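These are the residues of each chain, in order.
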Amino acid sequence: MRAFVLSWIAHVQREAELLFSLHHRTVLVIFFVPLVYTLLFGALFCKNAVTGVPIAVYDLDRGASGRQFVQDLAASPDLRLYEMEGTGQDVVHTMTEKGLSAAVTIPPDFSRRIGSGQMAAIELTVDNSNTVLGGVATRAVQQTVSTWDGRIAARQRLAAGWNRNDAQAMLNLSSRIVGNPTGGYEDFFLVVLILHALQIGTIFSLGPSLVLELRRRDRARHRHIRAFLLAKWTVWLGVALLSLSLCLAVSLVLFGIAAHGSWIRLILLLAAYSAAVLGFALCMGSWAGQPEQAITCALFYVMPTVLFSGAVWPRHSMNAPSLLLSYLVPIGYVADDARRLLVLGSAPDWGTHALVMLGMALFFMTLACAGVTRRQRRYKTCGTSSAGNS
């Protein structure tokens, strides 16, 4: 045990020295990729909500009520109106040609029906090929229609002899939204993308780096394989946490993401995630014969994982294969919890998920030890470096 500890300390010192010489490019990649994701997507989502969705308006009524309804639609910040001429028969063609997300058609007898207390029907046509734009347009038009419906009902009650207080709307929705109350994209998506970027930068740089390093080092340096890999894992864990901390700081300062939870819990959760990602990167590097293999073999495991994390599409709506995959990737245990810690201040299962990720880190590190041991056996058998013969 004492020999193992001394060997681990020596390897930690050696690895720390190599950070600024042999591995400086790997360090840059691990910092660069998450930071680029942070700045790129943070700037993309800087408005934090989709506004000014373009819609067409066909006012076939031309009466006072029709004009007022159009003005109320125009007052919504979610919409940008384009008043059209014609009968509205070619509404779908017009939307496609002009790139509009929806169209509102006000019927010719709108003002007359409103004035006589009759039901009036407004037609909404929505292009839902982009569900975000279609949803925003639908919600904004529905809000305007609901407001009008309440006004008309109140006016009819007044005309029937109700007093002004009793004539107000009979049904009122009192809502309280917690956790990203504005529906902002920064709080919803940015942290998830930062976590995804870390695994991309780490796995696609540290794995190939380990392949090359195992080629260069002789067997004497790998006499204590576990100490060697554990030292590398320890040093790079600090690098990964610094990269995540930098990205979170940039997100707080530049893009104003929410931060309501305990930073200690968040750091512990991120440390467990980084440990699992590093374990996987070292596993890939220990088994791959060429640097390119450490990337290509990890590609299909890493790239789609953000979609199966449960933070973009909920687990309860996944099919069985997708659900199984979501429990086999580290990001599936951190993405939703990290977001909940930031925007809600609480994630009840974060401790359990952190332990699961530490278990995954142990599993990957065990495989990494087996991979390096395999190389050593091939070295002893062939008399040459197994990596060189791969």
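See the structure printed just above.
Residues numbered from 1 in each chain as written. Predicted model: local features only at pLDDT ≥ 70, side-chain atom pairs only at ≥ 80, totals over all residues. Heavy atoms only, no water.

**Here we look at the overall build of the chain**
Each helix and strand in the chain was counted, giving 14 helices and four strands. Relative to its 390 residues, the chain shows a buried fraction of 46%. Counting only contacts in the chain whose residues sit at least 6 apart along the sequence, the fraction spanning at least 24 positions is 78%. For the chain, the exposed area adds up to about 20,400 Å²; of that, 61% sits on carbon and sulfur atoms. (Helix = DSSP H or I, 4+ residues; strand = E, 2+ residues; numbered from the N terminus. Buried < 20%, exposed > 50% of the residue type's maximum accessible area, 1.4 Å probe, protein only. Contact = heavy atoms within 4.5 Å. Areas by Shrake-Rupley, 256 points an atom, 1.4 Å probe, with all protein chains shown as cover.)

**Let's talk about the sheet that holds strand β2 (residues 79-84)**
Taken in spatial order, the four strands make up an open sheet running β2-β1-β3-β4, and their pairing is mixed. Lying at the two open borders of the sheet, with one neighbouring strand each, are β2 and β4 (123-126). The mean inter-strand angle of the sheet, taken between neighbouring strand axes irrespective of direction, is 25°. Sitting on the sheet, helix α4 (residues 91-98) touches β1 (53-59), β2, β3 (102-106) and β4, and the angle it makes with β4 is about 40°. (Pairing = 2+ DSSP bridges. Axes fitted to C-alpha atoms, helices over the stretch in contact; angles between N-to-C directions.)

**A closer look at the pattern of salt bridges**
The final tally for this structure, using the stated rule, is six salt bridges. Between R113 and D109 there is a salt bridge, with its nearest N and O atoms 2.8 Å apart. The class of R113 is partly exposed, set by a relative accessible area of 27%. Of the charged contacts in the structure, one is a salt bridge between E213 and K232, with a shortest N-O distance of 2.7 Å. Of this pair, E213 sits in helix α7 (residues 185-216) while K232 is found in helix α8 (residues 225-255), placing the two residues 19 residues apart along the sequence. Of the two residues, E213 and K232, neither departs from the other in class, the shared state being buried. Sharing partners across several salt bridges, the network here consists of E15, E213 and K232. (Salt bridge = Lys/Arg side-chain N within 4 Å of Asp/Glu carboxyl O.)

**Observations concerning α7**
Its 32 residues give α7 an end-to-end C-alpha distance of 46 Å, which sits within 8% of 46 Å, the value for a rise of 1.5 Å per residue. Burial of α7 is extensive: 25 of the 32 residues sit out of reach of the surface. (Expected span 1.5 Å × (residues − 1).)

**Concerning the environment of I194**
For I194, the location among the structural elements is in helix α7. Note: C-alpha distance between I194 and L35 (159 residues apart in sequence) is 7.8 Å. Excluding residues within four positions of it along the chain, I194 makes contact with P34, T38, L244, C247 and S251.

**What about the packing of helix α1 (residues 2-18) against α8?**
When two helices pack together, their arrangement is captured by the angle between the axes and the distance separating the axes. Packing of α1 against α8 brings their axes to within 8 Å, and their N-to-C directions diverge by 45°. In terms of their interaxial angle, α1 and α8 are classed as oblique. The chirality of how α1 crosses α8 is right-handed. The residues of α8 that touch α1, namely those facing F4, S7, W8, H11, V12, E15 and A16, are R226, A227, F228, L230, A231, K232, T234, V235 and W236. Looking at the contact of α1 with α8 residue by residue, the class counts come to ten nonpolar, three polar and three charged. (Parallel < 35°, antiparallel > 145°, perpendicular 65-115°, else oblique. Left-handed = near helix turned anticlockwise from the far one by under 90°. Nonpolar A, V, L, I, M, F, W, Y, C, P; charged D, E, K, R; others polar.)

**Considering the nonpolar core**
In terms of nonpolar packing, the biggest core is built from 70 residues, with L195 and V334 touching the most fellow members. For this core, the elements supplying multiple residues, two or more each, are α2 (24-44), α7, α8, α9 (263-287), α10 (291-302), α12 (335-343) and α13 (350-382). If near-sequence neighbours (up to four positions away) are discounted, L195 is found in contact with L244, L270, Y273, I331, V334, A335 and A338. Core analysis: the second largest hydrophobic core is formed by 19 residues, A102, I106, V141 and W148 among them. (Core = buried A, V, L, I, M, F, W, Y, C linked by side-chain atoms within 4.5 Å.)

**A short note on the packing of aromatic side chains**
In this description, an aromatic ring pair is defined by two values, namely the gap between the centres and the angle between the planes. On inspection of all chains with the given rule, the structure shows twelve aromatic pairs. Pairing F280 with F364 gives two aromatic rings, centres 5.2 Å apart and planes at 70°, and the pair type is edge-to-face. Separated by 84 residues along the polypeptide, F280 in helix α9 and F364 in helix α13 bring together distant segments of the chain. Across the pair, F364 and F280 agree in class, each one buried. Seen from their ring centres, F363 and F364 are 5.7 Å apart, and the 55° between their planes marks the pair as tilted. Residue F364 is classed as buried on the basis of its relative accessible area of 8%. Three or more aromatic residues joined by ring pairs make a cluster, and in this case those are Y37, F41, F45, Y185, F188 and F189. Above the plane of the ring of Y327 lies R315, whose end atom (NZ or CZ) is 4.2 Å from the centre. If you follow R315 out to its NZ or CZ, it ends over the ring of Y333, 6.0 Å from the centre. (Phe/Tyr/Trp six-rings, centres within 6.5 Å; stacked < 30°, edge-to-face > 60°. Lys NZ or Arg CZ within 6 Å of the ring centre and 35° of its normal.)

**Here we look at a nonpolar patch on the surface**
Judged by side-chain polarity, M1, V5, L6 and I9 come together as a nonpolar surface patch covering roughly 390 Å² of accessible area. With respect to the helices, strands and loops of the structure, M1 is situated in the segment before α1. (Patch = residues over 30% accessible without salt bridge, like charges linked within 9 Å, V, L, I, M, F, W, Y side chains within 5 Å.)

**Here we look at the environment of I106**
Turning to its location among the elements, I106 is positioned in strand β3. Sequence-distant contacts of I106, that is, excluding residues within four places in its chain, are made with Y58, D59, L60, D61, G66, F69 and V70.

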